[in-house]
Amino acid sequence: MLWRMPDRETASPTLARPLRSDAARNRRALVQAAREIFERDGFVSARITDIADRAGVAHGSFYSHFPDKRAALAAVLDDVQEEMLQPGAAPTTDLSDPAEVIERANRAYLEAYQRNARLMVLLEQVATVDEDFL
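Worth saying up front: this structure is predicted, and the values here are computed from it rather than measured.

Visitor: Looking at this structure, I do not really get the packing of helix α1 (residues 21-45) against helix α4 (residues 69-85). What am I missing?
Guide: Between two packed helices, what matters for the description is the angle formed by their axes and the separation of those axes. The interhelical angle for the contact between α1 and α4, taken along N-to-C directions, is 100 degrees, at an axis separation of 9 Å. Accordingly, the angle class assigned to the pair α1 and α4 is roughly perpendicular. Side by side, α1 and α4 meet where Arg27, Val31, Ala34, Arg35, Phe38, Phe43 and Val44 of the first sit next to Lys69, Arg70, Ala72, Leu73, Ala75, Val76, Asp79, Val80 and Glu83 of the second.

Given below as structure tokens:
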């Protein structure tokens, strides 16, 4: 894993139980909105009100899913990590050629990194001031 998740003590207690469909939809919207706001404004300048507005939810709803914007960033980076480690569908190349398999996997990873370049820069910046992301 590229970073450590926030401690359990700081995690939202509502995340311990399964989310209702509307709550799950709101959480997905908040994570997507957080991604857009973090990419646009960076971590320090990102505001929870901007994230909630972009997600189309009440500002207080943010806190039903995340204790702070640090936890929202961790959720965004979890999605990025998943995309980068599993960047696409199963390869259509001949799996008997190891060089081709390695080339395809490396290319897919680099393309995923390029799609997420702003967030990767953000991760590097936040890691310099927050040990959990280091």
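Visitor: Help me out: how do you make sense of the pattern of salt bridges in this one?
Guide: Pairs can form between side chains of opposite charge whenever their charged atoms are close. Here the structure, examined in full by the defined rule, presents 10 salt bridges. Here Asp50 ties to Arg40 by a salt bridge, and the two come within 4.0 Å at their closest N and O atoms. One end of the pair, Asp50, is in helix α2 (residues 48-55); the other, Arg40, is in helix α1, and 10 residues separate them in sequence. Close ionic contact of Arg70 with Asp132 constitutes a salt bridge, the shortest N to O distance being 1.9 Å. Remark: Asp132 occurs in the segment after α6 (117-127) and Arg70 occurs in helix α4; sequence separation between them is 62 residues.

Calculation rules
For every chain, the first residue of the written sequence is number 1, and numbering continues from 1 along that sequence. At least 70 in pLDDT is required for a residue's local features to be given in this predicted model, at least 80 for side-chain atom pairs to be given and counted, and no such filter applies to totals for whole chains, interfaces and linings, which use all residues. The basis for every side-chain value is the complete set of non-hydrogen atoms in the structure, without hydrogens or water. Orientation is described by lines fitted to C-alpha atoms, with helices fitted over the stretch in contact, and by angles between N-to-C directions that extend from 0 to 180 degrees. For helices the rule is a DSSP run of H or I covering at least 4 residues; for strands it is a run of E covering at least 2, with both sets numbered from the N terminus onward. If an angle is under 35 degrees, it is roughly parallel; if it is over 145, roughly antiparallel; if it lies from 65 to 115, roughly perpendicular; otherwise it is oblique. The contact criterion used throughout is that any non-hydrogen atoms of two residues lie within 4.5 Å. Each reported salt bridge corresponds to a side-chain nitrogen of Lys or Arg within 4 Å of a carboxyl oxygen of Asp or Glu.

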